[in-house]
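Structural overview for review
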Amino acid sequence: MTQSLDETKKLKDNSLTFENLFKEIPVMVKNSALTNVLLCEIDRIQESTACLTLPTSSYLEKSMQMLLSGLDEVNQDLQKINLHQRNVYKQQQQLLQNVQKRKIENAQREKDGLNPLPEEDFSKQFKPPPPLGRLEPLLSSNRIAAHCEMIEEHVRNGIGKLYLADSFMS
């Protein structure tokens, strides 16, 4: 329980969100001269035919499936959070009911001329459920954002080509 609270506090203190969770590290790749020539030739060939290639729907379909699975994970996390909040609310209500019963019972005992029962700390009897971890939902949100960016990039590059191909076909 305290570990989850510590995690939550660290996330808040460091202003950690799914957008700044990972840091990009630049990588330098060095190739031989022959490899550079080959890459230039391949790039030249691809540039001459790039205007003719259309986006593939299989990539988009897989990306959408992965996006939907990420949304399912977030939905499950939300259901867990709602269940946790309901459990906390129920415990608080039970605690308040016990305090009210004790007050009514003490008032009745005083009317009857008996000593009132001691005011117990009912919060010791009702321990709150452990808080939920926040790292998994944060990572799920990060995955969803990444999939959205990949889909946007894919569609942005291909939408003009699709309109152009459609105009040639009609």
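Up top you'll find the structure we're talking about.
Below is a short write-up of the structure. Keep in mind that this is a model prediction, so the values were computed, not measured. (Residues numbered from 1 in each chain as written. Predicted model: local features only at pLDDT ≥ 70, side-chain atom pairs only at ≥ 80, totals over all residues. Heavy atoms only, no water.)

Turning our attention to the overall build of the protein. From N to C terminus, the protein includes 4 helices and 0 strands. Sequence-ordered secondary structure for the protein, helices as α and strands as β, is α-α-α-α. Looking at the protein residue by residue over its 170 residues, the buried ones come to 12%. Pairs at least 24 apart in sequence give 82% of the contacts found in the protein among residues at least 6 apart. When the accessible area of the protein is evaluated, it comes to approximately 14200 Å², of which 58% is carbon and sulfur surface. (Helix = DSSP H or I, 4+ residues; strand = E, 2+ residues; numbered from the N terminus. Buried < 20%, exposed > 50% of the residue type's maximum accessible area, 1.4 Å probe, protein only. Contact = heavy atoms within 4.5 Å. Areas by Shrake-Rupley, 256 points an atom, 1.4 Å probe, with all protein chains shown as cover.)

Now for a nonpolar patch on the surface. On the surface, a cluster of nonpolar side chains totalling about 370 Å² of accessible area is made up of V155, I159, L162 and Y163. Tracing the chain through its elements places V155 in helix α4 (residues 135–169). A residue is classified by how much of its surface remains accessible, and V155, at 34% relative accessible area, is partly exposed. (Patch = residues over 30% accessible without salt bridge, like charges linked within 9 Å, V, L, I, M, F, W, Y side chains within 5 Å. Salt bridge = Lys/Arg side-chain N within 4 Å of Asp/Glu carboxyl O.)

Moving on, we get to the pattern of salt bridges. Applying the stated criterion to the full structure yields 2 salt bridges. Of the charged contacts, one joins E41 and R44 as a salt bridge, the two residues approaching to 2.8 Å between their closest N and O atoms. Note that E41 and R44 are positioned in helix α2 (residues 33–49) at a spacing of 3 residues, about one turn of the helix. Residue R143 pairs with E73 through a salt bridge whose shortest N-O separation is 2.6 Å. With R143 in helix α4 and E73 in helix α3 (residues 57–111), the pair connects residues that are 70 residues apart, well separated along the chain. Judged by relative accessible area, R143 falls into the partly exposed class, the value being 36%.

Relative to the helices and strands, F22 resides in the loop between α1 (2–13) and α2. Spatially, the C-alpha atom of F22 lies 9.4 Å from that of N142, the residues being 120 residues apart in sequence. For F22, the residues in contact, after removing those within four places along its chain, are L139 and N142.

Another point: the environment of R134. As for its position among the elements, R134 is in the loop between α3 and α4. Distance in space between the C-alpha atoms of R134 and L5 is 9.6 Å, their sequence separation being 129 residues. Excluding residues that lie within four positions of it along the chain, R134 makes contacts with T8 and L11.

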